[in-house]
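Letter by letter, the chains look like this.
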Amino acid sequence: MSAVEQRGTVVIAGGSGYLGQVLARHFTRFARPVVILTRQPQEPNAFARFVQWDGQTIGPWTRELENADAIINLSGRSVNCRYNEKNRKEIYESRLRPTHVLGQAIIVCANPPKVWLNASSATIYKNSIDQPMDEHSGEIGEGFSVDVCRQWEKTMFDFPLKFTRQVALRITIVFGRGGAAFQTFQRVVKIGLGGKMGPGTQYMSWIHEDDFARAADWIIEHEVLKGPVNLASPNPLPNREFMRVFRKVCRRPVGLPAPTWMLGLGTRLLGTEAELILKSRRVVPGRLQATGFQFKFPKWPEALQNIVRGPAS
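Parameters at a glance
- Residues numbered from 1 in each chain as written.
- Predicted model: local features only at pLDDT ≥ 70, side-chain atom pairs only at ≥ 80, totals over all residues.
- Heavy atoms only, no water.
- Helix = DSSP H or I, 4+ residues; strand = E, 2+ residues; numbered from the N terminus.
- Rg over C-alpha atoms; globule rule 2.2 N^0.38 Å.
- Buried < 20%, exposed > 50% of the residue type's maximum accessible area, 1.4 Å probe, protein only.
- Contact = heavy atoms within 4.5 Å.
- Pairing = 2+ DSSP bridges.
- Axes fitted to C-alpha atoms, helices over the stretch in contact; angles between N-to-C directions.
- Disulfide = S-S within 2.5 Å.
- Core = buried A, V, L, I, M, F, W, Y, C linked by side-chain atoms within 4.5 Å.
- Parallel < 35°, antiparallel > 145°, perpendicular 65-115°, else oblique.
- Left-handed = near helix turned anticlockwise from the far one by under 90°.
- pLDDT = per-residue confidence, 0-100.
- Expected span 1.5 Å × (residues − 1).

A. Seen up close, the overall build of the chain. The number of helices and strands found in the chain is 10 helices and 11 strands. Here the C-alpha atoms of the chain give a radius of gyration of 19 Å, agreeing with the 20 Å that 2.2 N^0.38 yields for 313 residues. Summarising its shape, the C-alpha atoms of the chain cover approximately 60 × 50 × 40 Å along the three principal directions. Burial status across the chain gives 52% buried among its 313 residues. Taking contacts inside the chain between residues at least 6 apart in sequence as the whole, the part at least 24 apart equals 77%.

In structure tokens:
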């Protein structure tokens with residue numbers, strides 16, 4: 001029996017969405033029990049047992065943390081919206097409150113989880129085209145999105161936990177067939193709008209869903225990993241190349257470009273922010289690679305091919 005198979009329960013807070021299901025399927029394949037903390041009551045499925053919580057107050061759900069191998073917190077409303085006052089408040093509160101109550105719950109555990117993985121975002125780094133951003137040399141940016149990440153990470157690390165290792169997962173865009181990011185880009189390409197977006201020089205950082213789950217598992221197993229860890233492919237690429245590959249794999253030879261002014265107008269009409277497309281994120285997984293993690297899909301063409309058509313025969 002492997003070391004992974006010998007280990008215990010993984011609790012996933014806010015795990016009823018896409019990323020939580022990706023993780024649940026992965027851990028279940030290795031016979032590791034999964035508990036998902038969710039605000040909406042749900043029936044158990046083949047991958048997880050669901051336990052209700054409100055993400056704000058201590059309750060019976062805290063028993064699930066006792067003797068757990070890991071707690072992974074993915075709570076937080078989508079940032080795919082306009083950054084008005086109401087949405088900004090909800091973005092902050094939906095991240096900070098669950099993180100804070102998890103810290104409170106871990107403190108009072110008799111046998112707390114061995115490790116706490118808390119979601120963050122690779123958007124914490126500054127806009128960068130020329131310089132790759134790893135956990136050591138990467139420069140933190142400025143603005144609303146960055147401040148959300150700063151406070152999110154600070155909320156976790158402010159808890160002085162003696163027996164629980166703490167890791168901030170600086171996650172890039174996760175691509176998989178069931179994910180909103182892939183489905184959105186695929187729709188754009190299929191209707192003929194898959195050209196470069198804005199200048200096309202801004203970098204796209206990404207990770208295949210299999211590597212996202214494997215990396216989370218790797219972090220749980222490797223006690224040397226604590227603090228911020230980038231979850232990103234080692235090969236970010238400019239938007240124009242990212243879209244060229246998307247068109248090729250989807251067999252759409254032509255794609256109209258979207259100038260910056262058009263993106264600004266279009267995202268406003270769609271109720272979202274152009275920053276999500278135009279910010280250059282050149283993020284690399286320095287700490288994962290330093291500990292020996294091997295990516296199944298380190299390059300975008302092979303990753304996208306796998307997502308669109310499945311494994312090569």
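Text resumes after the structure shown.
B. Structural context of the environment of Lys248. Within the element layout of this structure, Lys248 appears in helix 6 (residues 239–249). Placed 59 residues apart in sequence, Lys248 and Val189 show a C-alpha to C-alpha distance of 9.8 Å.

C. Quick look at the sheet that holds strand 4 (residues 70–73). Reading across the sheet, the seven strands line up as 3-2-1-4-5-6-10 and stay open at both edges, with parallel pairing between neighbours. Looking at which strands have only one partner, the edges of the open sheet turn out to be strand 3 (49–52) and strand 10 (227–231). On average, each strand axis in the sheet is tilted by 25° relative to the strand beside it, whichever way the strands run. Sheet strands touched by helix 1 (residues 18–29): strand 1 (10–13), strand 2 (34–38), strand 3 and strand 4. Its angle to strand 2, the strand with the most contacts, is close to 165°.

D. The arrangement of the environment of Phe212 in detail. By secondary structure assignment, the location of Phe212 is in helix 5 (residues 209–221). Given a relative accessible area of 1%, Phe212 falls into the buried group. For the pair formed by Phe212 and His26, sequence separation is 186 residues and the distance between their alpha carbons is 9.9 Å. When neighbours within four sequence positions are excluded, Phe212 is seen to be in contact with Leu19, Val22, Leu23, Ile171, Val174, Ile207 and Leu231.

E. Local environment of the state of the cysteines. Counted according to the given criterion, the structure contains zero disulfides. Cysteine Cys81 shares no disulfide, and the gap to the nearest cysteine sulfur, in Cys149, comes to 14 Å. Given a relative accessible area of 4%, Cys81 falls into the buried group.

F. Quick look at the nonpolar core. In terms of nonpolar packing, the biggest core is built from 35 residues, with Leu23, Ile72, Leu117, Phe212, Ile219, Ile220 and Leu231 touching the most fellow members. Residue assignment for this core shows that the elements contributing at least two residues are strand 1, helix 1, strand 2, strand 4, strand 5 (115–121), strand 6 (165–171), helix 5 and strand 10. In terms of residue count, helix 5 provides more of this core than any other element does, six residues in total. Once residues lying within four places of it in the same chain are set aside, the contact partners of Ile219 are Leu117, Arg165, Val167, Leu169, Leu225, Val229, Leu231 and Leu288. Counting 21 residues, the second largest nonpolar core, distinct from the first, contains Phe175, Val189, Met204 and Ala303.

G. Summary view of the packing of helix 2 (residues 85–107) against helix 3 (residues 144–157). One can describe the packing of helix 2 onto helix 3 by two numbers: an axis separation of 9 Å at closest approach and a directional angle of 15°. The orientation of helix 2 relative to helix 3 falls into the category roughly parallel. For the pair helix 2 and helix 3, the sense of crossing is right-handed. Contacts between helix 2 and helix 3 involve Arg88, Ile91, Tyr92, Arg95, Leu96, Thr99 and His100 from the former and Phe144, Asp147, Val148, Gln151, Trp152, Thr155 and Met156 from the latter.

H. Examining the environment of Glu223 more closely. Looking at the secondary structure, you find Glu223 in the loop between helix 5 and strand 10. Sequence-wise, Glu223 and Val115 are 108 residues apart; in three dimensions their C-alpha atoms are separated by 8.5 Å.

I. Seen up close, the confidence of the model for the chain. In the predicted model, the chain carries a mean pLDDT of 93, and 97% of its residues have values of at least 70. Predicted confidence for residues 1–5 stays below pLDDT 50, and this span has six contacts to residues more than four positions away or in other chains.

J. Inspection of helix 3 at higher detail. Under the 1.5 Å per step criterion, the end-to-end length of helix 3 is 20 Å for 14 residues, consistent within 8% with the ideal 20 Å. Within helix 3, the full set of buried residues consists of Phe144, Ser145, Val146, Val148, Cys149, Trp152, Glu153, Thr155 and Met156. Those residues of helix 3 that are buried are in contact with helix 2, strand 5, strand 6, strand 10 and helix 8 (275–278).

K. Representation of unusual backbone geometry. Its identity as a non-glycine residue notwithstanding, Ala31 has a phi of 55°, on the positive side. Summarising the element assignment, Ala31 is placed in the loop between helix 1 and strand 2. Residue Ala31 is classed as exposed on the basis of its relative accessible area, which comes to 57%. In this structure, Asn67 takes a positive phi of about 65° despite not being glycine. When you line up the elements, Asn67 lands in the loop between strand 3 and strand 4. Taking relative accessible area as the criterion, Asn67 reaches 54% and is therefore assigned exposed.

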